[in-house]
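Here's the letter readout for the chains.
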Amino acid sequence: MPVERLLKDDATEEKGERARMASFVGAMAIADLVKTTLGPKGMDKILQSTGRGRNITVTNDGATILKSLHIDNPAAKVLVDISKVQDDEVGDGTTSVVVLAGELLREAEKLVSMKIHPMTIIAGYRMAVECARDALLRKAMDNKQDSEKFRSDLMNIAMTTLSSKILSQDKEYFAKLAVDAVLRLKGSTNLEAIQILKKPGGSLGDSFLDEGFILDKKIGIGQPKRIENANILVANTAMDTDKVKIYGARVRVDSMSKVAEIEAAEKQKMREKVQKIIAHGINCFINRQLIYNFPEELFADAGILAIEHADFEGIERLALVTGGEIASTFDNPESVKLGHCKLIEEIMIGEDKLIKFSGVEMGQACTIVLRGASAHVLDEAERSLHDALCVLTQTVADSRVLLGGGWPEMLMAKEVDELARKTPGKRSHAIDAFSRALQAIPTIIADNAGLDSAELVSQLRAEHHKEGSNAGIDVITGGVGDMQKLGISESFKVKQAVLLSATEAAEMILRVDEIITCAPRRREDRM
Amino acid sequence: MALAFDEYGRPFIILKEQERKSRLRGLDAQKANIAAGRAVARILRTSLGPKGMDKMLQSPDGDVIITNDGATILEQMDVDNQIAKLMVELSRSQDYEIGDGTTGVVVMAGSLLEQAEKLLERGIHPLRVAEGYEVASRIAFDHLEKISQKFEFGPDNIEPLVQTCMTTLSSKIVNRCKRALAEIAVKAVLAVADLERKDVNLDLIKVEGKVGGKLEDTELIYGIVVDKDMSHPQMPKRIEDANIAILTCPFEPPKPKTKHKVDIDTVEKFQTLREQERKYFDDMVQKCKDVGATLVICQWGFDDEANHLLMHRNLPAVRWVGGVELELIAIATGGRIVPRFQELSPEKLGRAGIVREKSFGTTKDRMLYIEQCANSRAVTIFIRGGNKMMIEETKRSLHDALCVARNLIRNNSIVYGGGSAEISCSVAVEAAADRHPGVEQYAIRSFAEALDAIPLALAENSGLPPIDTLTAVKAQQIKENNPFCGIDCNDVGTNDMKEQNVFETLIGKQQQILLATQVVKIILKIDDVISPSEY
């Protein structure tokens with residue numbers, strides 16, 4: 001007897017082959033979507049948001065594209081998720097991870113239609129991924145000791161990352177910017193210390209790295225525009241009206257004169273607070289919260305530069321660069337650590353006035369000012385630079401380096417091929433498939449560059465059968481080139497993360513044989 | 001619909017609004033119920049065993065869950081049918097009671113129902129079937145006891161425990177590094193176990209996950225990991241030999257529960273109030289400082305001013321720590337949770353060797369590690385993985401493994417897995433059936449057949465010819481009188497589960513049989529289903 005209703009009304013259930021088909025199709029659709037952005041000749045996408053204003057974003061960054069999509073297919077969601085994690089964890093390779101997972105599933109689909117059980121495919125993939133990782137580990141180079149070489153490694157990595165982005169025209173310049181910025185961090189992976197300011201106008205080539213710190217704020221009226229040897233107090237305190245925080249307190253008066261008295265007392269309180277702040281012996285005061293006119297005037301009288309409403313990251317960064325502490329109470333001036341810098345001045349970038357702190361105590365932070373023709377260009381430039389910075393910090397932490405241009409994929413494919421030949425049983429088909437999926441990446445890079453991919457990849461494969469080959473795809477000349485000479489490098493950590501999480505995701509999707517979609521929660525109509 | 005007539009032949013209504021209700025009765029009702037139960041079991045059947053497949057579930061809010069855990073699948077499935085709900089309950093109670101075998105119990109119940117249907121068609125009264133099942137389940141229960149083995153383990157010999165946990169984990173997606181995870185689970189359980197009382201409080205094991213990294217990076221931390229950071233960015237990121245004050249009161253002026261108002265009507269009052277407020281903050285920090293605390297963990301938030309004062313006085317602090325975590329920290333560090341500043345005293349502070357903040361990846365995710373605690377009886381398992389779904393699934397799998405380890409500490413009897421226990425029970429029940437007089441004999445025999453369902457499903461999922469394999473194993477069991485023969489799911493080459501080291505807990509298995517029989521009995525006893533029809 002058929003069961004008419006097991007699940008709730010709108011819930012759907014897909015089983016066996018159909019479920020697998022649904023997830024393969026979904027995952028491959030996502031992979032195909034971002035496929036064309038891969039590689040130095042990859043194309044960008046325009047995304048239009050559905051929110052108000054219909055903002056558009058032009059980007060080449062896999063994670064950004066996928067984040068903005070509204071996806072219904074559960075398998076596709078898995079891929080979006082791995083791309084996001086890749087972004088959070090290593091910052092780059094967000095497209096590669098999705099494309100690789102998609103290719104793995106495409107190969108798996110062929111195997112499934114050949115009646116090979118998904119579990120067998122998974123077993124084969126697992127063996128292959130181990131083998132591929134070992135191959136990478138063996139070939140990874142580590143130049144940590146040699147600082148000169150390490151720097152050139154970093155430059156190469158940054159250039160490789162940037163070459164697929166909008167910044168590719170000035171990649172050398174930006175790579176240098178990024179490497180300089182990251183080396184200033186001295187091994188810390190805290191990217192907050194690198195501030196990226198976007199100012200429309202000029203061209204991308206006008207962007208620069210400032211060793212000091214630039215705060216996107218104006219100096220209050222009537223206050224000094226230039227301070228040398230500044231003592232800075234960084235604060236997070238209310239400078240509007242300092243409310244009484246005791247619960248339930250309220251002002252209750254019975255006459256107008258009392259109101260005036262209390263107002264005066266309030267003013268007095270503010271004045272005292274300002275006095276206390278001034279007593280720290282400072283000539284610059286930066287507050288996270290608003291500073292009202294009255295205290296601002298008091299500061300101006302005392303010849304102190306007061307800057308209001310710096311955002312929280314700004315404050316933290318300032319505290320970091322100037323070496324001061326973020327203060328909220330001002331009763332013991334002698335023990336509060338003040339920040340110092342050689343010079344504070346107002347500078348102009350384009351038409352905007354900004355405050356520049358130079359000669360700061362700790363050299364850890366710096367500011368990169370991006371210039372560009374439009375807000376979209378700037379946004380994309382920021383994302384690209386962010387990718388490069390992420391990869392660089394990760395490389396500083398784990399200094400192993402690989403060559404780029406499809407070299408690691410071909411290398412892994414070769415090793416995996418050999419493993420397939422040695423493995424008996426049905427699993428070898430899956431291992432073979434893994435190698436084909438790996439080779440798909442250089443194929444896509446070549447395709448995107450408008451090259452003859454079949455020809456190139458087969459040349460590459462032949463080249464890789466020699467020991468110690470450095471061959472990869474040289475997109476510029478359109479042939480096979482020596483990646484070592486061309487200086488195309490990638491971070492080991494990124495490649496490894498791509499390999500592992502793509503396989504993990506593919507495995508996860510393969511294991512599914514049933515999809516149950518619950519009825520979407522009804523939004524209550526707000527009447 | 002039921003219609004009754006009074007003495008004048010007028011119909012009167014028994015059920016309220018009966019024309020709007022649909023009703024099934026008698027054999028039809030039983031068959032419909034059985035069909036529903038079997039439909040649920042069919043969904044889970046393919047998830048059984050080391051080669052079982054996963055299910056992808058999309059929740060009403062669009063979140064995706066990929067899992068292999070029977071209880072989770074059923075919980076998320078949004079079931080509407082009443083009988084199907086009973087099956088969901090069944091799996092849940094197995095989860096609460098044992099923690100593992102949630103898929104097996106549903107498959108078992110489904111197959112019992114399937115057999116019952118055949119008996120009903122032959123005209124056997126449902127209650128006779130139920131009674132026969134009851135008798136058979138007793139036989140199986142006792143038989144399990146007989147074929148079970150005790151194994152010895154101790155804090156130095158954890159290998160048997162690890163093996164059992166590995167059996168549990170091998171059916172999950174995490175089986176890639178089941179060895180490492182099983183060891184983590186066993187070590188965690190042993191760390192918090194009370195071996196004297198033979199009990200384990202699983203609440204003391206915190207399972208925390210963070211996306212990124214790989215599964216192999218999952219680690220066991222003898223201490224607590226909290227997903228929080230220091231309240232002030234400039235507080236030290238590493239504290240050694242910390243004395244921890246655990247507070248549940250905010251660093252704020254007190255808020256009496258009774259409604260009150262403080263009226264300010266003169267300047268003096270305004271000023272005294274201000275003065276007082278400042279003093280509050282000072283006092284609070286001073287009190288913490290006085291008792292010698294070097295770290296403050298607070299359940300509530302605090303004001304910018306208090307924050308700075310703490311920082312200024314060199315007293316690192318963590319805010320917004322959840323109640324459960326706070327308790328765990330208190331247990332781990334041996335401190336007391338202090339609800340009021342006045343009650344702070346040095347002996348109420350907790351101690352930890354190292355407290356450090358660790359950051360992850362490129363985002364500014366930070367977590368706080370509290371390690372080398374005074375009392376290491378609270379541990380954290382920190383899971384890393386490629387994506388969110390992976391972590392969630394790992395959490396569920398580890399939960400199963402932890403439960404298994406706990407059950408073994410409670411009762412160290414095991415039976416062998418791979419369907420061997422079920423086959424052995426089936427043989428025993430079959431033999432007992434012939435000696436049973438009465439109609440129940442048929443039911444008992446059917447029970448034996450139903451027991452075969454689990455090895456059948458295992459073989460099917462592993463890509464083996466199910467009937468061939470099962471009959472071969474059964475014959476081998478009887479011939480060699482070896483109850484440890486099971487289905488060789490992983491293609492190892494031997495089907496002696498003792499050699500393959502595939503164990504399951506005795507209580508888990510017994511519980512499965514009992515719970516499945518109980519639910520089937522309930523379902524069989526229903527002969528009338530009245531449900532409101534669609535409007």
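Here the residue index of a chain counts from 1 through its sequence in written order. Key to labels: chains lettered from A, ligands numbered from 1, both in the order written. For a predicted model such as this one, the threshold for reporting local features is a pLDDT of at least 70, and the threshold for listing and counting side-chain atom pairs is 80 or more; totals across whole chains, interfaces and linings nevertheless cover every residue. Excluding hydrogens and water, the side-chain figures rest on all heavy atoms present in the structure.

Chain B is annotated in an unreviewed UniProt entry as T-complex protein 1 subunit epsilon of Rhynchospora pubera. UniProt positions are given in the numbering used here, feature names are shortened, and annotations may be inferred rather than shown by experiment. Here is the UniProt Sequence similarities (unreviewed entry) comment for chain B, exactly as written: "Belongs to the TCP-1 chaperonin family." Recorded in UniProt for chain B, the comment headed Catalytic activity (unreviewed entry) runs: "ATP + H2O = ADP + phosphate + H(+)".

Per an unreviewed UniProt entry, chain A is named T-complex protein 1 subunit beta, and its organism is Rhynchospora pubera. Checking UniProt for chain A, the heading Sequence similarities (unreviewed entry) contains the comment "Belongs to the TCP-1 chaperonin family."

Before going further, it helps to examine the overall build of chain B. Strands are runs of DSSP state E lasting at least 2 residues, helices are runs of H or I lasting at least 4, and numbering of each runs from the N terminus. In terms of helices and strands, chain B carries 17 helices and 22 strands. In terms of principal-axis extent, the alpha carbons of chain B reach across some 95 × 75 × 45 Å. For the exposure calls, accessible area comes from a 1.4 Å probe over protein chains only, and a residue counts as buried if that area is under 20% of its type's maximum, exposed if over 50%, partly exposed in between. Buried residues in chain B amount to 58% of all 535 residues. Once local pairs closer than 6 in sequence are excluded, the contacts in chain B between residues at least 24 apart make up 72%. Accessible surface, chain B as shown: approximately 22400 Å² in total, 49% of it carbon and sulfur. Each charge class in chain B was averaged separately, 68 positive and 78 negative side chains, and the resulting centres sit 2 Å apart. The criterion used for residue contact is that any of the two residues' heavy atoms lie within 4.5 Å. Here the accessible surface of atoms and residues is derived via Shrake-Rupley with a 1.4 Å probe, and residues count as covered only by protein chains that are part of the display. Counted as positive: Lys and Arg. Counted as negative: Asp and Glu. His and the chain ends are not counted at all. Every charge is mapped to an atom, namely NZ of Lys, CZ of Arg, CG of Asp or CD of Glu.

All names here are of chain B. Between helix α8 (residues 267-290) and helix α9 (residues 304-312), whose axes approach to 10 Å, the crossing angle comes to 40°. By the angle between their directions, the pair α8 and α9 is classed as oblique. Crossing hand, α8 versus α9: right-handed. Contacts from Phe281, Asp282 and Val285 in α8 reach Glu305, Ala306, Leu309 and Leu310 in α9. Polar here means any residue outside two lists: the nonpolar Ala, Val, Leu, Ile, Met, Phe, Trp, Tyr, Cys and Pro, and the charged Asp, Glu, Lys and Arg; Gly therefore counts as polar. Among the residues making up the contact of α8 with α9, the classes are represented as five nonpolar, no polar and two charged. Simply put, an axis is a line fit to the C-alpha atoms, just over the touching stretch for a helix, and the angle between two N-to-C directions goes from 0 to 180 degrees. Angular relationships are summarised with four words: roughly parallel below 35 degrees, roughly antiparallel beyond 145, roughly perpendicular across 65 to 115, and oblique for the angles in between. Should the near helix be turned counterclockwise from the far one by less than a right angle, the crossing is left-handed, whereas a clockwise turn marks it as right-handed.

Moving on, we get to the pairing of strand β5 (residues 64-67) of chain B. Residues and elements named next belong to chain B. On β5, burial covers both faces: Val64 and Ile66 on one face and Ile65 and Thr67 on the other are all buried. As judged from the four bridges shared by strand β4 (residues 54-58) and β5, these two strands associate in the antiparallel manner. Of the residues in β5, the one forming a bridge with Lys55 is Thr67. Pairing between strands is defined by DSSP: at least two bridges between the two strands are required.

Below, the discussion takes up the interface of chain A and chain B. How big an interface is tends to be stated in terms of the accessible area lost upon association of its parts. Taken together, the contacts link 83 residues of chain A with 83 residues of chain B. When chain A packs against chain B, close to 7600 Å² is buried across both sides, 55% of that on carbon and sulfur atoms. Just to be clear on terms, a salt bridge is a Lys or Arg side-chain nitrogen sitting within 4 Å of an Asp or Glu carboxyl oxygen. Put simply, chain A and chain B have two salt bridges between them. Close ionic contact of A:Arg511 with B:Asp54 constitutes a salt bridge, the shortest N to O distance being 3.0 Å. Buried area is a sum: the accessible area each of two parts loses on coming together, probed at 1.4 Å, counted once for each and added.

All names here are of chain B. Taking strand neighbours across the sheet as the criterion, the three strands line up as β6-β20-β21 in an open arrangement whose pairing is antiparallel. Each edge of the sheet is formed by a strand with only one pairing partner; in this case those strands are β6 (149-150) and β21 (503-505). As defined by bridge partners, β6 adjoins strand β20 (residues 413-416) across two bridges and the pair is classed as antiparallel. In the strand pairing of β20, Lys150 is matched with Ser413. Each of β20 and β21 is contacted by helix α17 (residues 506-525), which is oriented at about 65° to β21, the strand it contacts most.

Per residue, pLDDT measures the predictor's confidence, with a range of 0 to 100. Of the residues in chain B, 96% reach a pLDDT of 70 or more, and the chain-wide mean stands at 84. In the predicted assembly, ipTM is 0.79 and pTM is 0.84.

Our focus in this paragraph is the packing of aromatic side chains. Stacked, edge-to-face and tilted labels apply to pairs of Phe, Tyr and Trp rings (six-membered ring for Trp) whose centres lie within 6.5 Å, assigned for plane angles under 30 degrees, over 60, and everything in between, in that order. Tallied over the entire structure, the rule returns eight aromatic pairs over all chains. With centroids separated by 4.9 Å and ring planes inclined at 25°, the aromatic side chains of A:Phe285 and A:Phe299 adopt a geometry described as stacked. Linking A:Phe285 in strand β10 (residues 284-287) with A:Phe299 in helix α9 (residues 293-301), this pair joins segments that are 14 residues apart in sequence. A:Phe299 matches A:Phe285 in its accessibility class, with the two residues each being buried. A connected cluster of aromatic rings, assembled from ring pairs, spans B:Tyr416, B:Phe484 and B:Phe503. We count a charge as sitting over a ring when the NZ of a lysine or the CZ of an arginine lies within 6 Å of the ring centre and within 35 degrees of the ring normal. The cationic tip of B:Arg138 hangs over the ring face of B:Phe141; the distance from NZ or CZ to the ring centre is 5.9 Å.

The next thing to look at is the pairing of strand β17 (residues 471-474) of chain A. Sheet topology note: the β17(A)/strand β18 (residues 479-482) of chain A ladder contains four bridges and is antiparallel. If you follow A:Ala471 over to β18(A), its bridge partner there is A:Asp482.

Our focus in this paragraph is the environment of B:Asn411. Residues and elements named next belong to chain B. Tracing the backbone shows Asn411 in the loop between α11 (388-410) and β20. In this structure, the C-alpha to C-alpha distance between Asn411 and Ser170, residues 241 residues apart in sequence, is 22 Å. Setting aside residues up to four positions removed in sequence, Asn411 forms contacts with Lys150 and Ile507. One polar contact links Asn411 to Ser413, side chain to side chain, over a distance of 3.1 Å. Polar contact criterion, stated in full: a pair of N or O atoms within 3.5 Å, where within protein one must be able to donate a hydrogen and the other to accept it, and residues adjacent in sequence count only if both atoms are side-chain atoms.

Time to look at the pattern of salt bridges. Evaluated as defined, the whole model comprises 53 salt bridges over all chains. Between A:Glu463 and A:Lys466 there is a salt bridge, and its shortest N-O distance comes to 3.1 Å. Between B:Arg128 and B:Glu440 there is a salt bridge, with the nearest N and O atoms lying 3.2 Å from each other. Taken together, the residues span a long stretch of sequence, with B:Arg128 in helix α5 (residues 126-147) and B:Glu440 in helix α13 (residues 440-451) at a distance of 312 residues. One salt-bridge network, in which partners are shared between bridges, spans A:Asp32, A:Lys35, A:Glu103 and A:Arg106.

All right, on to the environment of B:Asp217 then. Residues and elements named next belong to chain B. Within the element layout of this structure, Asp217 appears in the loop between β9 (205-211) and β10 (219-221). Judged by its relative accessible area of 33%, Asp217 falls in the partly exposed class. A sequence separation of 165 residues divides Asp217 from Phe382, and the C-alpha atoms of the two residues are 8.6 Å apart.

Expected span of a helix: the number of residues minus one, times 1.5 Å. The end-to-end C-alpha separation of helix α7 (residues 178-192) of chain B is 21 Å, in line with the 21 Å expected for 15 residues at 1.5 Å each. The set of residues buried in α7(B) consists of B:Leu181, B:Ala182, B:Ile184, B:Ala185, B:Val186, B:Ala188, B:Val189, B:Leu190, B:Ala191 and B:Val192.

Here we take up helix α13 (residues 427-448) of chain A. Taking 1.5 Å of rise per residue, the 22 residues of α13(A) would be expected to cover 32 Å, and the 32 Å separating its terminal C-alpha atoms lies within 8% of that figure. Following α13(A) by one or two positions, A:Gly450 adopts a phi angle in the positive range, close to 75°.

Right, let's talk about the nonpolar core for a bit. Generally speaking, a soluble globular protein has its nonpolar side chains buried in company with each other. In this description, a nonpolar core means a group of buried Ala, Val, Leu, Ile, Met, Phe, Trp, Tyr and Cys residues linked to one another through side-chain atoms lying within 4.5 Å. Formed by 180 residues in total, the largest nonpolar core has its most connected members in A:Phe434, B:Phe251 and B:Ile370. Top contributing element to this core by residue count: helix α16 (residues 492-510) of chain A, with twelve residues. In contact with A:Phe434, other than residues within four places in its own chain, are A:Leu104, A:Tyr125, A:Ala128, A:Val129, A:Ala132, A:Val416, A:Leu499 and A:Thr503. Among the nonpolar cores identified, the runner-up in size contains 67 residues, and B:Ile83, B:Ala443, B:Ala457 and B:Ile513 belong to it.

A few words on the side chain of B:Gln30. Residues and elements named next belong to chain B. Turning to its location among the elements, Gln30 is positioned in helix α1 (residues 26-45). For Gln30, the side chain forms a polar contact with the main-chain oxygen of Leu524, separated by 3.1 Å. Discounting chain neighbours no more than four positions away, the residues touching Gln30 are Leu120, Pro126, Leu524, Ile526 and Asp527.

Bringing the sheet that holds β10(B) into the picture now. All names here are of chain B. Ordered by their spatial adjacency, three strands build an open sheet running β9-β19-β10, and the pairing between neighbours is mixed. Looking along the sheet, the strands with just one partner apiece sit at the ends: β9 and β10. Ignoring which end each strand starts from, the neighbouring axes of this sheet average 25° apart. Relative to strand β19 (residues 379-385), β9 runs parallel, the two sharing seven bridges. Its bridge partner being in β19, Glu208 is matched across the sheet by Phe382.

Right, let's get into the side chain of A:Thr95. Among the structural elements, A:Thr95 can be located in helix α4 (residues 94-113). Every residue in contact with A:Thr95, bar those within four places of it in the chain, is listed here: A:Val34, A:Thr37, A:Leu38, A:Asn60, A:Asp61 and A:Gly62.

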